[in-house]
Amino acid sequence: MHGIEVVKGTSQIKYGPHTTGGAINYQSTPVPGSERTFLRGQFGDDNEYRTHAYHGNTVDTDIGRVGYLAEFYLRDTEGFKSIDSAPDFTDTDNTGFHNIEPMLKLIWEPNTATYNRFEIKYGFTDRELDEGYLGLNTADFRRDPNRRYSSTRFDNIDAEQHRTHLRHFFSPNENFDLVTTAYYNKFQRNWFKLHDIRDVAGVGGNDFNLSRALAGGGDALACLKGNINCTLNVRNNRREYASYGVETQGTVRFDTGELAHELQVGVRYHRDEEDRFQNEQRFQQTANGAVTGSSLTGPGAAGNRVDEAEAIALFVRDRIEYGDWWFTPGFRYENVELQRTSFDKANDPNRLNPEVKEATVDMLGGGIGIGYNWTPEWQTFGGVHFGFSPPSPGGATGDAGQTEETSIGYELGTRYSSRDGVMQAELIGFLTRFDDLIVTDNIGGTGSGDTQNLGEAQTLGVEVSGQYDLGLAQGWSFSNPYFLAYTYTDAELRSNTGSTDAESIFSFGRKGNEIPYITDNQLTVGSSLDFARWGASVTMIYVDEVFASANNVSRQVDGNGNPDARFGKIDSYKIVDFSAHYNLRPKTKLFAGMHNAFDEEYIATRLPHGPRPGRDRTWFVGFEVEL
């Protein structure tokens, strides 16, 4: 990645179909305007190494300017967890991943009277990792958070992605731009992972949920640890995803009297689909943890279906400037046709007898942003935005007939930036109210994964950020910036949740309860020293405690009172990172660092099944060269 762009406020109406809270644009490396070569290598804990390299150039030819970029990224690690051994299993440290990503970009700017530019990009990802859904029992987590039970030895995901686009830029003059993009993405994966346990003595039922086994203990937990005779049911989740479409965006700049306009209009046709077909394999485990045999079964529950969506989207946005004022009104409309094709899982493995359900969702949103430049340093801004988000094909076509989520968001803030670059600061207050908030039901791999309408909710808070360079302010020969970013969020349910499905972490929520996984306080502070040849920095991140379920229980029990390791609280934690670099010569440097320097042990999440750790103390060293 070359950079990350975060788009908030009325600017986000350019993107959909989820238009609440903003959008994140992951920017790939651009074709350089002149010859450039870049190489970065890094090695660290757990035999992790990373290589990032690219070479590109743009040259003048008889047919116009022609450019290219060839890029390569590789990351490989053994992983920081360790699997319990068994008589027939000793590869205990293989818990990492392998990831390789090449990319190629070509551009052509023909010698035409008006400006034209053609760009084609192709990227590929090949990723394999040994990870699944199962976390740990809380007591075991406190003893060794990086442990994995022997029952997870089969967990493996193998994924492959192809992504490409063809883009045309047209600009007859400085006041008009037209950009048209045709795109295609395909992603497929096989995820072979522990799904549930069976044939456990003293445990009722033939299908025992993993989260219940972790929290309940007893023979079910002993099965996960490889201490008793039982059956490990491993599901092969095969998926294929595809998305493709074409989008055109036009920008016109003009004046009406004293008003300066930058009007943007865009239209997009889009299709995407998910094809899932999963089967299961059951492994017989002995009392010493050895696996003595296995058998294949048919498709698993909710595992033989095709979901599709077809959408037409339109947006209009105008940035209007009048003296020191600016306004950005705009709206977005989306028409989405959803379809689910389900196949009988027991009697129709060849997909000859499908059940087809369809639904259509029409969504309209938009808003306006307003700002005023008091001085070149001070600016005040605010806005109102109406957002929306569609349900999944299964949610829209199901018996409940789910509707789209809608929201209205307000923000008001002020920003300061000194002319000499010594200080920048920003203060923003925000309020967002949701109707028919959409969440995923049955998080944790136990259900269909479809969406549900949770009800009414609200997020209210304030963001504060700033940076002050003491070295620049004092006229020192080096830079010494200090920075801070703090967010307070009060996120709560404004109605009782309708779900009584105990498998859902959003079930049994009451009005006034906190929304799970949205913490009240987040803080990042740090400082650095930057000299001509070397530099060093320290950063501290603090995350407050948070509930892991909408019913806001502190114990690991679901809404029906049954043990469930996905429920409960996640404690607060703080992480301190150090880094340093040394410039051997211009455009060549060495660097090193340490993540989680004080080795804080913390629960990062209780999903999908039980407590899972954040990364422990990790060191790395590397080099970077640019030619």
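Rules of the game
Residues numbered from 1 in each chain as written. Predicted model: local features only at pLDDT ≥ 70, side-chain atom pairs only at ≥ 80, totals over all residues. Heavy atoms only, no water. Patch = residues over 30% accessible without salt bridge, like charges linked within 9 Å, V, L, I, M, F, W, Y side chains within 5 Å. Areas by Shrake-Rupley, 256 points an atom, 1.4 Å probe, with all protein chains shown as cover. Salt bridge = Lys/Arg side-chain N within 4 Å of Asp/Glu carboxyl O. Helix = DSSP H or I, 4+ residues; strand = E, 2+ residues; numbered from the N terminus. Buried < 20%, exposed > 50% of the residue type's maximum accessible area, 1.4 Å probe, protein only. Phe/Tyr/Trp six-rings, centres within 6.5 Å; stacked < 30°, edge-to-face > 60°. Lys NZ or Arg CZ within 6 Å of the ring centre and 35° of its normal. Pairing = 2+ DSSP bridges. Disulfide = S-S within 2.5 Å. Core = buried A, V, L, I, M, F, W, Y, C linked by side-chain atoms within 4.5 Å. Polar contact = N/O pair within 3.5 Å; in protein donor to acceptor, adjacent residues only side chain to side chain. Contact = heavy atoms within 4.5 Å.

Let's shift gears to a nonpolar patch on the surface. A cluster of nonpolar residues, L39, L529, W534, Y582, L584, L590 and F623, forms a patch on the protein surface that exposes about 580 Å² of accessible area. Mapped onto the elements, F623 comes out in strand β33 (residues 618–626). A residue is classified by how much of its surface remains accessible, and F623, at 35% relative accessible area, is partly exposed.

Our focus in this paragraph is the packing of aromatic side chains. Counted under the stated rule, the structure contains 18 aromatic pairs. Note on Y133 and W191: the rings are 5.2 Å apart at their centroids and 80° apart in plane angle, and the pair reads as edge-to-face. Here the residue Y133 occupies a position in the loop between β8 (115–129) and α1 (138–143), and W191 occupies one in strand β11 (residues 176–198), the gap between them amounting to 58 residues. The buried category is assigned to W191, whose relative accessible area is 16%. On the basis of an interplanar angle of 70° and a centroid distance of 6.5 Å, the ring pair of F578 and F598 is categorised as edge-to-face. Of the two residues, F578 is situated in strand β29 (residues 573–585) and F598 in the loop between β30 (588–595) and β31 (603–605); the sequence distance between them amounts to 20 residues. Classification of F578 as partly exposed rests on a relative accessible area of 37%. Judged by its relative accessible area of 61%, F598 falls in the exposed class. Grouping aromatic residues by their ring pairs yields a cluster made of W325, F327, Y372 and W374. For the cation-ring pair, K193 lies above Y133, with the distance from its terminal atom to the ring centre recorded as 4.5 Å. Lying across the ring of F547, K569 places its NZ or CZ 4.9 Å from the centre.

Here the focus is the pairing of strand β13 (residues 230–256). Sheet analysis places β11 next to β13, joined by 22 bridges and oriented antiparallel. When the sheet's bridge partners are listed, R198 is paired in β13 with T231. Strand direction decides the pairing type here: β13 and strand β14 (residues 259–285), joined by 27 bridges, are antiparallel. Residue pairing in the sheet places V246 in a bridge with Y269 of β14. Linking two consecutive strands that pair antiparallel, namely β13 and β14, is a turn of two residues; a positive phi of about 65° is found at G257 within it.

Overall, the coordinates contain one disulfide when judged by the stated rule. Here C223 connects covalently by a disulfide to C230, the sulfurs 2.1 Å from one another. Between C223 and C230, the S-S dihedral sits near 85°, and the bridge is therefore right-handed.

This part takes up the nonpolar core. Counting residues in hydrophobic clusters, the biggest one holds 27 residues, and the most contacted among them are I197 and L224. Only β11, α2 (210–216), α3 (218–225) and β13 provide two or more residues apiece to this core. Of the residues forming this core, the biggest block, five residues, is contributed by α3.

In this structure, strand β7 (residues 97–110) lies alongside β8, joined through 10 bridges in antiparallel fashion. Within β8, the residue paired with W108 across the bridge is F118. Linking β7 to β8, which pair antiparallel, is a turn of four residues. The sheet contact formed by β8 and strand β10 (residues 156–173) spans 15 bridges and is antiparallel. Bridge pairing in β10 places T125 opposite Q161.

For the rest of this paragraph, the subject is the side chain of Q281. Within the secondary structure, Q281 sits in strand β14. Residue Q281 is classed as buried on the basis of its relative accessible area of 19%. Looking at Q281, its side chain comes within polar contact range of the side chain of S294, at 3.1 Å. Excluding residues within four positions of it along the chain, Q281 makes contact with F192, L232, N233, V234, S294, S295 and L296.

The subject of this paragraph is the side chain of R117. One can find R117 in strand β8. Within the local environment of R117, its side chain forms a polar contact with the side chain of E109, the two groups lying 3.1 Å apart. In contact with R117, other than residues within four places in its own chain, are I107, W108, E109, R167, H168 and F169.

Looking now at α3. Three or more residues of α3 are buried, namely A220, L221, A222, C223 and L224. Looking at the buried side of α3, the elements it contacts are β11, β12 (208–209), α2, β13 and β14. Positive backbone phi, approximately 80°, marks G226, located one or two places after α3.

Here we take up the environment of N552. Secondary-structure assignment places N552 in the loop between β27 (546–547) and β28 (569–570). The buried category is assigned to N552, whose relative accessible area is 17%. Linking N552 and T432, residues 120 residues apart in sequence, is a C-alpha distance of 21 Å. Contacts of N552, omitting those with residues within four sequence positions, involve N513, E514 and F547. There is a polar contact of 2.7 Å between the side chain of N552 and the backbone nitrogen of E514. Separated by 3.0 Å, the side chain of N552 and the backbone oxygen of S549 make a polar contact.

Structurally, the position occupied by Q339 is in strand β16 (residues 325–343). Sequence separation between Q339 and S85 is 254 residues; the distance between their C-alpha atoms is 46 Å. Beyond its immediate chain neighbours, meaning those up to four positions away, Q339 contacts V306, D307, E308, V356, K357, E358 and P393. Reaching out from Q339, the side chain makes a polar contact with the side chain of T341 at a distance of 3.5 Å.

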